[in-house]
Every structure is written in C-alpha cells, then in structure tokens.
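# Remarks on the overall topology
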Amino acid sequence: MSDRLTMQSIARLVPPGSRVLDLGCGDGAMLDYLQRERGCSGYGIEIADDNVLACVKRGVNVIQLNLDEGLSMFDDASFDVVLQIDTLQHLRNAEIMLVETARVGRMGIVAFPNFAHWPNRLSVARGRMPVTKRLPYQWYDTPNIRVGTYKDFEVLATKNRLAILDSYGLQEGREVRFMPNARAGTAVFKFERG
Amino acid sequence: MFATPQSMSFAEPLALQSGASIRGYSLAYETYGTLNPDKSNAVLICHALNASHHVAGVYADQENAQGWWDTMIGPGKPVDTDRFFVIGVNNLGSCFGSTGPMHLNPDTGKVYGADFPVVTVEDWVDAQARLLDGLGIRTLAAVMGGSLGGMQALSWTLQYPERVRHAVVVASAPNLTAENIAFNEVARRAIVTDPDFHGGHFYEHGVIPKRGLRIARMIGHITYLSDDVMNEKFGRELRSAVAGAVREAYQYTTQDIEFQIESYLRYQGDKFSEYFDANTYLLITRALDYFDPARHHNGNLAKALAGATAKFLLVSFTTDWRFAPRRSREIVKALLDNRRDVSYAEIDAPHGHDAFLLEDERYLGVVRAYFDRISNEAVQ
C-alpha cells in the first residue's frame, strides 16, 4: 500500500513531532515521510532482509524483529504513535499485537484490507475468493492470513477495550466515511486504550 | 591494496582502570585511504581476541597475508577506503606489535611476562584515543568492531561521546554471560596449568606453553561455530590417513585422531600455538570478562548508555550462541530507552559467531548502506 495519497491520508492522523513506532514498516517510506513532512522521529520494525536494507539506505531507523515474537522490547506508552499499516493481516497473533500496539503507543493507527469491500463480496457471492488490486493473491498463496472487515475490527477493538478515536475507509487514496465497510478497500482505525 | 604497518610511541604514562599505569609503550597500527582536509572521514576498527591492526589489504612482500576484515574494508568495499580513512590498531597487551607481555618493562628492564598490567576495554579505548590524538583526528565518522571489538566500539561512545558520530557494533554483547566467562576460564586454566607456563615467565625458560594454547584455541573454536555448521563440515566423518580418501572402519583408539573434527581442532590449535602469546590470551579473555558498562549503574544498561550520543548500527547472527542476538537486542533496547538513533539487523546466517568475519551479502549490504549514509551525511 505504497500509494502516495493513502500514505498522506494516514500520515495526517499522526500528530506533528510524534515519536513513532512503525510495525512492519516495509521499505521505510512512511517513516521517511513522517520524518521529513511532519517532524516525527522513531523506528521501524521489519522482519524481511530486503526491507531492512531499504530502510538503512533511506536513513530510517529500523530494527529487525519478528513481530510474532511480540513487543517485549518496548515499554508501556513509550511511543506517541504505533503504526500497523498493512501489517495486522500477516500476523499469527493479530489480537495480541493489537493489544500490544495500544500498550506501547499512546495512540495506535491500524490500516488493513477490508474484506467486506463490495467487489470482494461480489466475488464471494459468485463462489470465488476475491483477487483484486488490493488483494492480489490467490487463496492458496496469500500472505494475508487474517482476513477481516471494517466491522470486524470494531468488534475486536470493543472486545479489547480500545477506544476508537477516528475510523474511516480508504479507496483510491480518498477517504470514505459513508458506509466504509462496503465502499472502501482499506480500513483505517485510530485508537487508544479505553 | 597494500598495507604498511606503522608504530606510534607514547612517553606519557597511561593510567589504567586497575589503578596501575603503563609508560613507554607503543601501538602498532595501519591506515587505509586518505584523511580528508577537514579530518571528518576517519573510521576506527577495533579488533577482537586474536586479530591485529592488519585489518585490510595485503603486505607488499606477503600477498597471502590478507587483513582479517578484508571482506569488509577496502576500495569499493562496504567500508570504502576510497571515501573513508580507516585505522586499524593493535591493542595494548596483544602480541602483534603493540607493547605486550613479551616486551621489556621499562621499570625493571626485564620482559613483562605475567607482570604485564591487566588491561580493560576502557584502557584500550583510552590508548586508541591517544593514537587518534597523535594522528590529529578529533572526531571519528565511525568506530566499528565485532565481538570484543564491538565492546570497544560501544565503550568509545561512552568514554568519548563527543568524538564519535557513529558506532557499528557487530556480533557483540553488553557484557559476558556466566557461560561465556566459563569458556574463558577453561581456556585460561589450560594455559596456566601447562608445565611450560612457569607462572607466565616462560620466556626466560626458553619454552612456550603450547599445549595450553592449543586447548584454549580448540575450546574457542568450538564456541565460534554453530552445531549445524560443524555437522555440515565434519559430521561424523572419520579422518583418513590418505587425504581425500574415505575411511569406514573405526580404529578403536582412544588417543589417536579418529574423527575429522578432531583433526580440524588439533590443526587449528597447533597453528594458533605457533603465533599467539599465552599471556596475551589471558589478558584479552580477562578484558572480555571485565567489560560491563552497566556495572556502575546497578546493572541498568539503559542508564549506562545514557551518555552515548552516537548513532548506532548493530548486527547479530541468528546462530551465534557465544554472542547471541538477544545480547545485541539488550543494547538496542537500552538505546531505544534513551531515544537514540539505532538500526539493528539480525542476519539469519548458519555460521555461528564466525559469521561476522565471513562474506554474507545481507550483512555486508546493510553495513555498506549504513556507511553510504555516513558518507553522504559528511558531504551535506
């Protein structure tokens, strides 16, 4: 999800000057943007060697860790913002990591592909798993081991006593605030511990 | 690239952590590349247990004598000597040119032997700082080291924070674990109990405690490799009298070499005992044992590192059990707690602790990218 408009939209949720932890930071583009455009500082967490290298090349602080091993390295509320941009769906312990995100960050921001986006629903109604620009994988080789919807996340957040501060959908880089569960390929949530 | 060993003498006594001091000492060093006019491109390389100031390149008369980190340092290499002025230095107490136990003690006129003062990582860093003074270098673009060398790099950021812009700490630890000290102690006992050791004054007896050194090296070697790599390299293969031939039958011997791994370890031990000094081995392993910057902060590493202002790159290797990744993560966490700039790569390499000296594209790639950033920073 390296689309520039999408990145900018999520970046607007991050208060200027924040200390940021970006879980699954990829090539570090988001952190780089936050550092340059919003005066933020922080660290990215990545497991993939090529992404770690890309971050070092960009001059973004990166720490190579497997998120499925948890965030024990980080103290409570030690970051202003913890980001999980297109990360949640890859995690075996997605629920624990969500709680960890709220523990380590004074604020959490999560974005993930919304499985209830209407083209996905249509595909399933026709009897096939969706293969779209947002979900480009076949069912048998997808790295997205957690498929959830915008609504599902609201339920999970409530269950874990997270207070949702803002939420909306993103489609083609545009914010979707009316019926996002059906109308947006990406779900975005900003939350804190309740 | 040709290297030229040099030496710098120091008349002023150096006060050591132990309360003792050493005077009239010299340090062997080598430099590669060119110091730029504003002297902002200097990189200091710190060595580990059995290495020296000969970090990169070869000697004009010894084309096979490659520096111990030649994969990492040289023209066009990750630490690019076309851009950086790289300094390799042999530590005090070592046996490769700097003043050590086999040299004359100016106070007694006799060879130091076991009387060479106990030196620590902090002492080495102080001595290195004086070498830089002598070279007219105030600030290092980076200090870098692996294993015990990484401890020196870390210590630099604490002892001389204003003189270090970046620290690259590879396969290192904030201190040794009990198990690590235990390995060192077994090695030391092997040396000290060798009848040829003579309490460390073997030079005057015209002997060398080679048996002790061999065993010390064998133990060390086991801990530098991973179980997997050792199995892959040697497995249970039997040593054949004829090179290349495969032997199937046991010899039913308890003292002769039966397995390939035995042959390998004996070879490594023999080789080592020919060139390494027994007192140096004791001194350097002790320096490893003593290093513990958190010691004066109730074991709190974050507090210990509070004064470090350098930017850090840490690298560890997944199969390194002597300086395990979790030890590097402790340093990373302490730096995070102090809100320092730090990046950390955990390289999934099979070679154990030795990996830090080997060619691995991911490892060398990360270091190269990091030094590119340092270089660009300097330009800006």
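Residues numbered from 1 in each chain as written. Chains lettered and ligands numbered in written order. Predicted model: local features only at pLDDT ≥ 70, side-chain atom pairs only at ≥ 80, totals over all residues. Heavy atoms only, no water.

## Some words on the overall build of chain A
Here is the rule we go by: Every helix listed is a DSSP run of H or I at least four residues long, and every strand listed is a run of E at least two residues long, numbered separately from the N terminus. Values of the radius of gyration come from C-alpha atoms, whereas the globule rule sets the reference at 2.2 Å times the count of residues to the power 0.38. To sort residues, take the accessible area from a 1.4 Å probe on protein chains only and compare it with the maximum for the residue type: under 20% means buried, over 50% means exposed, and anything in between is partly exposed. All accessibility values rest on the Shrake-Rupley procedure with a 1.4 Å probe; residue burial counts only the protein chains present in the view. By the counting scheme adopted, Arg and Lys are positive, Glu and Asp are negative, and His together with the chain ends is not counted. Each charge is placed at NZ for Lys, CZ for Arg, CG for Asp and CD for Glu.
Helices and strands together make up the secondary structure of chain A, namely seven helices and eight strands. The globule rule puts the C-alpha radius of gyration for 194 residues at 16 Å, and the 16 Å found for chain A is close to it. Projected onto its principal axes, the C-alpha coordinates of chain A cover approximately 45 × 35 × 30 Å. When each of the 194 residues of chain A is scored for burial, the buried share is 53%. When the accessible surface of chain A is totalled, it reaches about 9,000 Å², and 52% of it is carbon and sulfur. A distance of 6 Å separates the average location of the 24 positive side-chain charges in chain A from that of its 23 negative side-chain charges.

## Brief notes about the layout of surface pockets
Defined as follows: As defined here, a cavity is a set of points on a 1 Å grid over the protein atoms alone where a 1.4 Å probe fits but cannot get out. A pocket is an open set with protein on both sides within 12 Å along at least five of seven lines, and residues line them when an atom is within 4 Å of a point. Grid points are joined across faces, edges and corners, and a volume is the space filled by probe spheres set on the points. Only Asp, Glu, Lys and Arg are considered charged in this grouping, and only Ala, Val, Leu, Ile, Met, Phe, Trp, Tyr, Cys and Pro are considered nonpolar; every other residue, Gly among them, is considered polar.
In this structure, the largest pocket occupies an estimated 1,000 Å³ of space. Every residue lining the largest pocket is counted, 37 residues in all, and those nearest its centre are B:Asn50, B:Trp68, B:Arg217, B:Tyr275 and B:Leu357. Listed by contribution, the elements that provide at least two residues to the lining of the largest pocket are helix 4 (210–224), helix 5 (227–233) and helix 6 (260–275) of chain B. It is helix 6 of chain B that provides the largest number of residues to the lining of the largest pocket, a total of five residues. Partitioned by chemical class, the residues of the lining of the largest pocket number 19 nonpolar, 13 polar and five charged. By volume, the second largest pocket is sized at about 760 Å³. Breaking the lining of the second largest pocket down by element, the ones donating at least two residues are helix 1 (4–11), helix 2 (29–38) and strand 2 (41–46) of chain A. Per element, the largest residue contribution to the lining of the second largest pocket is three residues, and it comes from helix 1 of chain A. Of the residues belonging to the lining of the second largest pocket, the class tally is 17 nonpolar, 10 polar and eight charged.

## Describing the state of the cysteines
All names here are of chain A. We count it as follows: Our working definition of a disulfide is a cysteine sulfur pair at a distance within 2.5 Å.
Here the structure, examined in full by the defined rule, presents zero disulfides over all chains. Free of any disulfide, Cys40 has its nearest neighbouring cysteine sulfur in Cys25, separated by 14 Å. With no disulfide partner, Cys55 has as its closest neighbouring cysteine sulfur the one in Cys25, 3.7 Å distant.

## Some thoughts on the interface of chain A and chain B
As a reminder, the rule being used: Contact criterion: two residues are considered in contact whenever any of their non-hydrogen atoms come within 4.5 Å of each other. Two parts placed together each lose some accessible area under a 1.4 Å probe, and the buried area is that loss summed for both. A side-chain nitrogen of Lys or Arg and a carboxyl oxygen of Asp or Glu constitute a salt bridge if their distance falls within 4 Å.
Listed by partner, the interface residues are 20 residues for chain A and 21 residues for chain B. Roughly 1,700 Å² of surface becomes buried between chain A and chain B when both sides are summed, with 54% attributable to carbon and sulfur atoms. When the area that chain A buries against chain B is broken down by residue, the three leading residues are A:Val56, A:Gln64 and A:Met73, summing to 31%. Inspection of the region where chain A meets chain B yields two salt bridges. A salt bridge links B:Lys333 to A:Asp75; the nearest nitrogen and oxygen atoms lie 3.2 Å apart. Contributions of two or more residues to the side of chain A that touches chain B are made by helix 3 (49–58) and strand 3 (62–64) of chain A. Among the elements that line the side of chain A that touches chain B, the one with the most residues is helix 3 of chain A, at six residues. Each residue belonging to the side of chain A that touches chain B can be placed in one class, and the counts come to 10 nonpolar, four polar and six charged.

## Topic: helix 9 (residues 325–337) of chain B
All names here are of chain B. Quick note on the threshold: By definition here, a helix of n residues has an expected span of 1.5 Å times n minus one.
Taking 1.5 Å per residue, 13 residues should reach 18 Å; helix 9 reaches 18 Å between its end C-alpha atoms and fits that length. Every buried residue belonging to helix 9 is among Pro325, Arg327, Ser328, Ile331, Val332, Ala334, Leu335 and Leu336, and all of these are buried. Positioned one or two residues after helix 9, Arg339 has a phi angle of 60°, which is positive.

## Concerning the packing of aromatic side chains
Residue and element names in this part refer to chain B. Quick note on the threshold: Here the aromatic set is Phe, Tyr and Trp, taking the six-membered ring for Trp, and pairing holds for ring centres within 6.5 Å; pairs whose planes are under 30 degrees apart are stacked, those over 60 apart are edge-to-face, and all others are tilted.
Taken as a whole and assessed by the stated rule, the structure comprises 28 aromatic pairs over all chains. Here Phe96 and Phe276 contribute two aromatic rings whose centre-to-centre distance is 5.9 Å and whose plane-to-plane angle is 65°, an arrangement assigned as edge-to-face. With a gap of 180 residues between them, Phe96 in the loop between strand 8 (85–89) and helix 1 (121–135) and Phe276 in the loop between helix 6 and helix 7 (278–290) connect regions that are remote in the sequence. Seen from their ring centres, Phe234 and Tyr264 are 4.7 Å apart, and the 40° between their planes marks the pair as tilted.

## Some details on the pairing of strand 5 (residues 42–46) of chain B
All names here are of chain B. For clarity, the cut-off: A pair of strands is labelled paired if DSSP reports no fewer than 2 bridges between them.
Burial analysis of strand 5 places five of its five residues in the buried class, the great majority of the element. Of the two faces of strand 5, the one carrying Ala42, Leu44 and Cys46 and the one carrying Val43 and Ile45 are both buried. Looking at chain direction, strand 5 and strand 8 are connected through four bridges and run parallel. Residue Ala42 lies in a different strand from strand 8, and its bridge partner there is Phe85. In this sheet, strand 9 (residues 142–146) lies alongside strand 5 in parallel orientation, the contact comprising four bridges. Along strand 9, the bridge assignment pairs Leu44 with Val143.

## Here we look at the confidence of the model for chain B
Threshold: Confidence of the predictor at the level of single residues is given by pLDDT, which spans 0 to 100.
When pLDDT is averaged across chain B, the result is 96; 99% of the residues are at 70 or more. Interface confidence for the predicted complex, given as ipTM, is 0.93, next to a pTM of 0.95.

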